[in-house]
Structures are given as C-alpha cells and as structure tokens.
Amino acid sequence: MQSKIKTEMILPIVAYGDTVLRKKGDPIAKTYPNLDELIENMFETMYAASGIGLAAPQVGLPIRLFLVDATPFAEDEDISPEEQEQFKGFKHTFINAQILEEEGDEWVFNEGCLSIPDIREDVFRKPMIKIQYQDENFDTHIKTFDGIIARIIQHEYDHIEGILFTDKLSPLKRRLIKGKLANISKGKINVDYKMRFPALKKKR
Ligand SMILES: [Zn+2]
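Given the structure is predicted, the values throughout are model-derived calculations rather than measurements.

(A) Main features of the packing of aromatic side chains. The full count for this structure, using the stated rule, is 8 aromatic pairs. Both rings, one in phenylalanine 73 and one in phenylalanine 109, keep their centres 6.4 Å apart while their planes meet at 50 degrees; by these two values the pair is tilted. Separated by 36 residues along the polypeptide, phenylalanine 73 in the loop between β3 (65–69) and α2 (81–87) and phenylalanine 109 in strand β5 (residues 107–113) bring together distant segments of the chain. Judged by relative accessible area, phenylalanine 73 falls into the buried class, the value being 18%. Between tryptophan 107 and phenylalanine 109, the aromatic rings sit 5.6 Å apart at their centres with planes inclined by 50 degrees, giving tilted as the arrangement. Assessed through its relative accessible area of 21%, phenylalanine 109 is described here as partly exposed. Each residue in the set Phe66, Phe90, Phe94, Tyr133 and Phe145 is aromatic and connected to the rest through ring pairs, giving one cluster.

(B) Just the pairing of strand β8 (residues 140–146), in detail. Pairing between strand β7 (residues 128–134) and β8: 7 bridges, direction antiparallel. Among the inter-strand pairings, glutamine 134 is bridged to a residue of β8, identified as threonine 140. Between β7 and β8, which pair antiparallel one after the other, the connecting turn spans 5 residues, and phenylalanine 138 there sits at a positive phi close to 65 degrees.

(C) Region of the structure containing a negative patch on the surface. Taken together, the side chains of Asp36, Glu37, Glu40, Glu136 and Asp139 define an acidic patch exposed on the protein surface. When you line up the elements, aspartate 139 lands in the loop between β7 and β8. The exposure class of aspartate 139 is partly exposed, given its relative accessible area of 43%.

(D) Focus on the coordination of the zinc ion. In the first shell of the zinc ion, the protein supplies Cys113 (SG), His155 (NE2) and His159 (NE2), at 2.1 to 2.3 Å from the metal. Within one chain, the residues donating to the zinc ion are spaced in sequence as C-x41-H-x3-H. Separated by 46 residues along the polypeptide, cysteine 113 in strand β5 and histidine 159 in helix α3 (residues 147–160) bring together distant segments of the chain. When sorted by exposure, cysteine 113 lands in the same class as histidine 159, which is buried.

(E) Inspection of the pattern of salt bridges at higher detail. Tallying each qualifying case throughout the model produces 11 salt bridges. Taking the shortest distance from any N to any O, the salt bridge between glutamate 161 and lysine 24 comes out at 2.9 Å. Note that glutamate 161 is positioned in the loop between α3 and α4 (171–185) and lysine 24 in the loop between β1 (13–14) and α1 (35–48), a separation of 137 residues in sequence. Residue lysine 168 is joined to aspartate 158 by a salt bridge in which the shortest nitrogen-to-oxygen separation is 3.8 Å. One end of the pair, lysine 168, is in the loop between α3 and α4; the other, aspartate 158, is in helix α3, and 10 residues separate them in sequence. Of the residues examined, aspartate 158 reaches a relative accessible area of 9% and is grouped as buried. Via salt bridges that share partners, Glu111, Arg125, Arg151, Asp158 and Lys168 belong to a single interconnected network.

What counts, and where the lines are drawn
- Residues numbered from 1 in each chain as written.
- Predicted model: local features only at pLDDT ≥ 70, side-chain atom pairs only at ≥ 80, totals over all residues.
- Heavy atoms only, no water.
- Phe/Tyr/Trp six-rings, centres within 6.5 Å; stacked < 30°, edge-to-face > 60°.
- Helix = DSSP H or I, 4+ residues; strand = E, 2+ residues; numbered from the N terminus.
- Buried < 20%, exposed > 50% of the residue type's maximum accessible area, 1.4 Å probe, protein only.
- Pairing = 2+ DSSP bridges.
- Patch = residues over 30% accessible without salt bridge, like charges linked within 9 Å, V, L, I, M, F, W, Y side chains within 5 Å.
- Areas by Shrake-Rupley, 256 points an atom, 1.4 Å probe, with all protein chains shown as cover.
- Salt bridge = Lys/Arg side-chain N within 4 Å of Asp/Glu carboxyl O.
- Lys, Arg positive; Asp, Glu negative; His and termini not counted.
- Charge placed at Lys NZ, Arg CZ, Asp CG, Glu CD.
- Donors = N, O, S within 2.8 Å, 3.2 Å for Na, K, Ca; no water.

Next up, the structure:
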C-alpha cells in the first residue's frame, strides 16, 4: 500500500507586465473548482519564494483570494515581544475580501513583491484597516488590523483590485525604475523561484 502522496505543487509566479495582474478579481463561491488544493498550492508557492503574502492573480487567476503568513516577521529582534507574538502563526486565507475602512496618518514602509523581484521601494499607506472576508471554510469575519499585518493585507488586497505597489510611487521614482520593470517583463532577471514572464509568452 502506498502512503499518502504529497500533492502540493509549486506554481509559477506571474511577473510584472502580465495583464492578469491588472484585472479586478472576481468573487468566488465555495464551489470554485479544487479550491482547497489551490490554497495549499499557493501556500507552497509562497513559501518556496520566501514570501509573506500571495494573491491569486500572481498565479494567473483573477479571483478575490489571497494568503498571508507573517511568521517570518516574528524573528525580527527589533520588535516588541507582543508584536513577535502577533506575527507568530499569523497564517490566514482571505476570500472575497472587502476593505471597509482605512484610517490614520499614512506611514512609510519598504515594500517588495514576488511579481516584481529585486525592486523594493518605500510606500505610504494608512496604518489601520477594517476588512470583511471569508476564510477557507467560507465563514465570514470582520476584523481590524494595524501596523505591519495591515500593511501586508493592504498590499495583497491591492493585487485583487489590479493594483501594484509601484503604482503608488511618485512619477519620478516610477521613471527611475521603468527600465528595470521592462526587464522583469522580459525575464531579464535573476530569480530563485519559478516565474512566468509575459513577454516570453507570445508566439514568434
Ligand atoms: Zn505583491
């Protein structure tokens, strides 16, 4: 008899320039095909790329689904024990999320994105969010988050709205990274995880 075979699969992460990253995600129902498997595969994919968040459009699916695992932040020695505790095991699936409120004075945090490797930039966002979402069992939650957890959620939420963190940069900053972004689309980048590049998809 065979033991249970590990079926998780690492999916290619869609690179900057792919139109799927610009679509507003559709809501999904419990009946969405192979949803449990998709969520498992997305977690595997995210861990393989050392990510802390991953949204469905980044694996080519324009649907309202993203995941977050803030555990790596718990190892940061510069934060308080309470914060470390908050990050530890913060592993959640967000389905059909809607941000209901965003509040407070914008603060800056250096963001990166698995679809935009090798580019990190300071991004301003509000510190507090109230969000409604369904978990992997389709139970509905309304929760408030702040600080880095809110930040990760805001970044992933933007993905299901077709927005990328580079959209939030000043026109000057955007001009400065334009060439780098074009190279990412063409696959002219060293990356140690599996990716799919839009400019290489076209037939000759
Ligand atoms: Zn991202």
